[in-house]
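Residues per chain, in single letters:
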Amino acid sequence: MNGLDVPVWTAIVGNFGFPIAITIYLFYRFEKKIEKLEVIIFELNEVIKDGYHKMS
């Protein structure tokens, strides 16, 4: 790595570090919500199956 590479990498991290941090944070939050939705969908599927079997 020569002397010119360090300022370039510093500028890249300075320009893109914040958006990358926000993206990681949002992905983490969405992952939790998606996991909750997965559980709820599974429970809804079981309720629908039970209701269908009671009707027959």
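Here, the structure is the one placed above.
First, a word on scope: everything that follows refers to the structure included in this document. (Residues numbered from 1 in each chain as written. Predicted model: local features only at pLDDT ≥ 70, side-chain atom pairs only at ≥ 80, totals over all residues. Heavy atoms only, no water.)

1. A word on the overall build of the protein
Then, number 1: A count of helical and extended segments in the protein gives 1 helix and 0 strands.
Then, number 2: Relative to its full complement of 56 residues, the protein shows a buried share of 0%.
Then, number 3: Accessible surface for the protein amounts to roughly 5500 Å². Of this, 72% is attributable to carbon and sulfur atoms. (Helix = DSSP H or I, 4+ residues; strand = E, 2+ residues; numbered from the N terminus. Buried < 20%, exposed > 50% of the residue type's maximum accessible area, 1.4 Å probe, protein only. Areas by Shrake-Rupley, 256 points an atom, 1.4 Å probe, with all protein chains shown as cover.)

2. Examining a positive patch on the surface
Then, number 1: Residues Arg-29, Lys-32, Lys-33 and Lys-36 make up a contiguous surface patch of positive charge.
Then, number 2: Inspection of the secondary structure puts Arg-29 in helix H1 (residues 5-55).
Then, number 3: Since its relative accessible area comes to 38%, Arg-29 is described here as partly exposed. (Patch = residues over 30% accessible without salt bridge, like charges linked within 9 Å, V, L, I, M, F, W, Y side chains within 5 Å. Salt bridge = Lys/Arg side-chain N within 4 Å of Asp/Glu carboxyl O. Lys, Arg positive; Asp, Glu negative; His and termini not counted. Charge placed at Lys NZ, Arg CZ, Asp CG, Glu CD.)

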